[in-house]
Amino acid sequence: MSGRKKTLLKVIILGDSGVGKTSLMQQFVNNKFSHQYKATIGADFLTKEISIDGNKQVTLQIWDTAGQERFQSLGVAFYRGADCCVLCYDVTNEKSLNNLTSWKDEFLVQSNVSNPQDFPFIIIGNKIDVDEAKKIPSLQKKLQNITNNQLGGLNYPVFETSAKDGINVEAAFEVIAKMALQQEELNDANGNDVSDDYNDAINIHLESESSGCAC
Amino acid sequence: MATDPDIVISMPALSYPKARAKENGKHIQNDIHNEDNDNEQDNNRDNNNNNNTNDNSIDDINNSNDDFNNSNNDNSIDDDDESTTPSSPPRRRLSYLDPSTPSRHLRTPSSYSHNYSLLDIYDSPSSERSSMAPLATGGLIDTSIMKGLDDLEFKELSNDTTIFARHTIDSFPELDISDQESESYVQPTDQDTIDRILASPYDRYGFKKTSTHHNISLEDYNKWFSEYAQDAIRRKKKWNLLMKSNGLQLDSAQAIPTRFPPKSDKVKKMIRQGIPAEWRGSAWFFYAGGYDKLNKHVGVYSKIVRDTKDIQNKDTEVIERDLNRTFPDNIYFNSHIGTDANTSVTTLGTENSRSSETAMVKTLRRVLVAFAHYQPQIGYCQSLNFLAGLLLLFMEEERAFWMLVILTERIIPKVHSANLEGVHTDQGVLMLCVKEYIPQLWAILGKNFEGESLSEDKILTRLPPVTLVTSSWFMSVFVGNLPIETTLRVWDILWYEGSKTIFRISLTICKMCLEDPEFQNSRSSKGSGEMDQIELFQFMQNYPKTILEPNVLIDNCFKKIGGYGFGSLSQDEINKCREFVSKQRAKLNYKKSNITAEMTEEERQALISSSDSTFGAEDQSIHDVYGFHRSIMSGVVWNKSISNKMKRRFVRRTSSRS
């Protein structure tokens, strides 16, 4: 598998609607910010080539998703084969922070990655450019509660960013790329072809149906 | 019918559009061939389907008019196809040319009022109206707005309907009516308007001509628009003639009609060529059965608005976040557009941003919140904001609200429901259509993300990745996917012809993608695999945004010669396929519902095999359906007779079992 010309790393950005997923992606890929992003319907992606540690060239394929819960049912196809998942919240919206766990769970269900225990997730708290007064009260404490909870907590790297001012976005995606590369190499080493159909219960069902029930 | 010299002169153009098109040497969509096999029969069927939701009076009217037309035309199903219908069309033309010729086609006021006798039913109970009267008089009504609305919407209504419409507005007293825009957002196309639009960075609907969403330059836009606008002026004249020949006289050149000719091949053709921009709201509302909806629900909207005024829940939360993200590139939605310091937009949904929001955004909030309340099984679904937003540019809020209801109840049911089941169903249908009608494209997109071909039995369970792109075409009905004028043309056809339009247009876009040289080149230079699927995805997502000229899309869709002839895809086929796909999905979902994240692979398999055994005989019927689908889909041309034959066989088999 190392013979592949380009290393393609697939990154999925998840989080409640309006936390700034599109803005983060646009800021990282195109270095721009606009007040005129429309609500994302379905999914969209952009790619960017970067070098990791100054030598390894990789292509990041970043998937931007619709934030409303019901759109998750459309997500199955592109969660598959993800190398890293970015969980986003809005530092002014406590609910979006509280929902991170369910976004993570949903991702694991849909993508059915081979190593759910140590699949690379990263947390991004966006919109740090807004007034202090608007931010979630005692944010750090609440964030700690969520990340350090021993029982299924989100013990992942956290970045606080401003997609608007371009603060910390580059740094976050650098870490994302590194984590994704590790995951990709891990998958390669295991000979674990994530593209396989093994994770699709419904498929198995259909196959067993069409071949099995001759009785 | 006045024998205005102008009209006499332009009559031949009405009858022989091809000649006119050649004369001008321009790309005019005049000669769209109507190649619907289904035709008006299909329209009738469409209407019958609509009737499921108990909103049938307008449809009935249209049906009766259709029948009227059909009987008049005998066997002429297609007034374009002159070779097959040599006698009827001239007869019809004669009726336009010579008002003295007795023809039942001619819409005289008397035949017209006869057609609307059904509405009279609603006129009778005056008690309800009078009971609402104190409410109306007690409220503060901005009379200038009332007047504006009257001028705008109700001028042409027959008396009874005017009363209803008025009544509905009257019962708005608790509404902050000062927010409502009284003037139309869309100006008629005349030379002044054209010049103004050409000089402005915004188009006639208030959208920025250039935007981050497409690559169309200001020059491209203006070049296209200056030609298209002239075409629009010519088309408006034809519409005026059509109205006149149907006995629908307009008071002045600026008047917006509220009644339109009954459904017929002629009208269908005119609609496919585009409704005059300033008439759109009114025409959409008329043909979609809006009057019926409105008259059956007098006062309902304003009541919901009152009831939901201060409501706060999960839906309103998402709505708030989407209000400023609906059409941020439109001046009616974003007051900060064009200014650099639009800081308040970052504080979405806070009190701050409310103060600076436009009247349009306030209206959009009311409509979306009311809709979420009225249709709890849908609530608020992202993309409804785009649909409601576009409707609001063309009609007042109550009408927009009911149009949203009509769309989600009848045209694309369940597409916005909590589990988006309708999206999955319709994508399944679309993919089966692609497989059937554009097999070359299916060979490319009928693969999973890793580039492996999807075997036939997996199409529905594992929709190809490209359905992520096409789902948005269905959910937003092309708003934001196609350039605005092209979207509006599709909407013209959609409200008249129904949901098959979305499939026909989707297939057309797919085929246009396939035939694009850029796409062809990128295919030939590469192998297949994961990157391929990604590029396909990206191409299909970006390509539609470049279809600036509506006529290109529409001609490709409907023309038999020089186009793809997707007009032959009937509503019947779509309905059958929808039924098939949704049945399949219902079975699969049932089984899927028992699977959870904590299960290991073995446990899942165990569950599935156990559910297999519990299903028993029912599973057998899935097989039958699959066999049904397969024999239709693999290689055999999926025409109506085969569909029907297979359907009969299927029905027989299932009924014999039970």
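Residues numbered from 1 in each chain as written. Chains lettered and ligands numbered in written order. Predicted model: local features only at pLDDT ≥ 70, side-chain atom pairs only at ≥ 80, totals over all residues. Heavy atoms only, no water.

Participant: Can you walk me through the pairing of strand 2 (residues 43-52) of chain A in this structure?
Facilitator: On any regular strand, side chains alternate: one points to one face of the sheet, the next to the other face. Both strand 2 of chain A and strand 3 (residues 56-65) of chain A contribute to a ladder of 10 bridges, which runs antiparallel. Within the sheet, the bridge partner assigned to A:Lys48 lies in strand 3 of chain A and is A:Leu60. (Pairing = 2+ DSSP bridges. Helix = DSSP H or I, 4+ residues; strand = E, 2+ residues; numbered from the N terminus.)

Participant: Teacher, can you tell me more about the sheet that holds strand 5 (residues 121-126) of chain A here?
Facilitator: Strand pairing in a sheet takes place through backbone hydrogen bonds and is either antiparallel or parallel in direction. All names here are of chain A. Taking strand neighbours across the sheet as the criterion, the six strands line up as 2-3-1-4-5-6 in an open arrangement whose pairing is mixed. If you trace the sheet from one side to the other, it starts and ends with strand 2 and strand 6 (158-160), each paired once. For this sheet, the mean angle separating the axes of adjacent strands, direction not counted, is 25 degrees. Here strand 1 (residues 7-15) runs beside strand 3; their pairing, made up of seven bridges, is parallel. Of the residues in strand 3, the one forming a bridge with Ile12 is Trp63. Against the sheet, helix 1 (residues 21-30) touches strand 1, strand 2, strand 3, strand 4 (84-90) and strand 5, its axis set at about 35 degrees to strand 2. On top of the sheet, helix 6 (residues 169-189) reaches strand 1, strand 2, strand 3, strand 4, strand 5 and strand 6; it is set at about 120 degrees to strand 1, its chief contact. (Axes fitted to C-alpha atoms, helices over the stretch in contact; angles between N-to-C directions. Contact = heavy atoms within 4.5 Å.)

Participant: I would appreciate a short explanation of unusual backbone geometry in the present structure.
Facilitator: Backbone phi values are negative for most residues with the exception of glycine, while trans is the configuration of most peptide bonds. All names here are of chain A. Positive phi, close to 55 degrees, is recorded for Asp53, a residue that is not glycine. By the secondary structure assignment, Asp53 is in the loop between strand 2 and strand 3. Backbone geometry places Asn112, a non-glycine residue, at a positive phi of 50 degrees. The topology assignment puts Asn112 in the loop between helix 4 (100-111) and strand 5. According to the relative accessible area criterion, Asn112 is buried, its value standing at 12%. (Buried < 20%, exposed > 50% of the residue type's maximum accessible area, 1.4 Å probe, protein only.)

Participant: Can you walk me through the nonpolar core in this structure?
Facilitator: Note that soluble globular proteins tend to have their nonpolar side chains buried in a common cluster. Residues A:Trp63, A:Phe107, B:Trp284 and B:Trp495 are the most contacted members of the largest nonpolar core, which totals 161 residues. Not counting chain neighbours up to four residues away, the residues in contact with A:Trp63 comprise A:Lys10, A:Val11, A:Ile12, A:Ile13, A:Ala43, A:Asp44, A:Phe45, A:Phe78, B:Phe449, B:Leu468, B:Ile534 and B:Phe537. With 28 residues, the next largest nonpolar core counts A:Val19, A:Met25, A:Ile62 and A:Cys88 among its residues. (Core = buried A, V, L, I, M, F, W, Y, C linked by side-chain atoms within 4.5 Å.)

Participant: I'm lost on the environment of B:Ala199 in this one. Help?
Facilitator: Turning to its location among the elements, B:Ala199 is positioned in helix 11 (residues 191-199). For B:Ala199 and B:Asn222, which are 23 residues apart along the polypeptide, the C-alpha to C-alpha distance reads 8.8 Å.

Participant: For this particular structure, what's the right way to read the pattern of salt bridges?
Facilitator: Two side chains carrying opposite charge are able to pair once their charged atoms lie near each other. Residues and elements named next belong to chain B. Across all of its chains, the model carries 26 salt bridges over all chains by this definition. A salt bridge links Arg234 to Asp231, with the nearest nitrogen and oxygen atoms 3.6 Å apart. Residue Arg234 and its partner Asp231 are both found in helix 12 (residues 218-245); the two are separated by three residues, about one turn of the helix. Owing to a relative accessible area of 22%, Arg234 belongs among the partly exposed residues under this scheme. A salt bridge links Arg280 to Asp492; its shortest N-O distance comes to 2.9 Å. Of this pair, Arg280 sits in helix 14 (residues 280-287) while Asp492 sits in helix 25 (residues 484-497); the two residues are 212 residues apart in sequence, bridging distant segments of the chain. Neither Arg280 nor Asp492 differs from the other in exposure class; each is buried. Through salt bridges with shared partners, a single ionic network connects Asp231, Arg234 and Arg235. (Salt bridge = Lys/Arg side-chain N within 4 Å of Asp/Glu carboxyl O.)

Participant: How should the confidence of the model for chain B be read in this particular structure?
Facilitator: Where the model shows low pLDDT, its predicted coordinates should not be examined in detail. All names here are of chain B. Looking at chain B, pLDDT values average 71 and 57% of them are 70 or higher. Mean pLDDT in chain B bottoms out at helix 5 (residues 88-97), which sits at 34, and peaks at helix 25, which reaches 98. A low-confidence stretch, residues 1-182 stays under pLDDT 50, and its non-local contacts, those more than four residues away or across chains, total 322 contacts. Overall, residues 609-642 carries pLDDT values under 50, and its contacts beyond four positions in sequence, including any with other chains, amount to 64 contacts. (pLDDT = per-residue confidence, 0-100.)

Participant: How do you make sense of the environment of B:Phe225 when you look at a structure like this?
Facilitator: All names here are of chain B. Mapped onto the elements of the fold, Phe225 is located in helix 12. The class for Phe225 is buried, based on a relative accessible area of 2%. As a C-alpha pair, Phe225 and Leu198 span 27 residues in sequence and 7.7 Å in three-dimensional space. Contacts of Phe225, omitting those with residues within four sequence positions, involve Ile194, Ile197, Leu198 and Arg204.

Participant: For this particular structure, what's the right way to read the packing of aromatic side chains?
Facilitator: One pair of aromatic rings is described through two measures. These are the centre distance and the angle between the planes. All names here are of chain B. Counted under the stated rule, the structure contains 39 aromatic pairs over all chains. Considering the side-chain rings of Phe207 and Phe327, the 5.0 Å spacing of their centres and the 85 degrees angle between planes classify their relative orientation as edge-to-face. Pair noted here: Phe207 is in the loop between helix 11 and helix 12 and Phe327 is in the loop between helix 17 (314-323) and helix 18 (351-356), with a separation of 120 residues, a long-range link. Of the residues examined, Phe207 reaches a relative accessible area of 7% and is grouped as buried. Relative accessible area serves as the criterion here: at 2%, Phe327 is assigned to the buried category. Members of the aromatic cluster, joined through ring pairs, are Trp239, Phe260, Trp279, Phe285, Phe286, Tyr287, Tyr291 and Tyr496. Here the basic side chain of Arg259 rests over the ring of Tyr291, its NZ or CZ set 4.6 Å away from the ring centre. Looking at Arg272, its charged tip hangs above the ring of Phe558, at a distance of 3.7 Å from the centre. (Phe/Tyr/Trp six-rings, centres within 6.5 Å; stacked < 30°, edge-to-face > 60°. Lys NZ or Arg CZ within 6 Å of the ring centre and 35° of its normal.)

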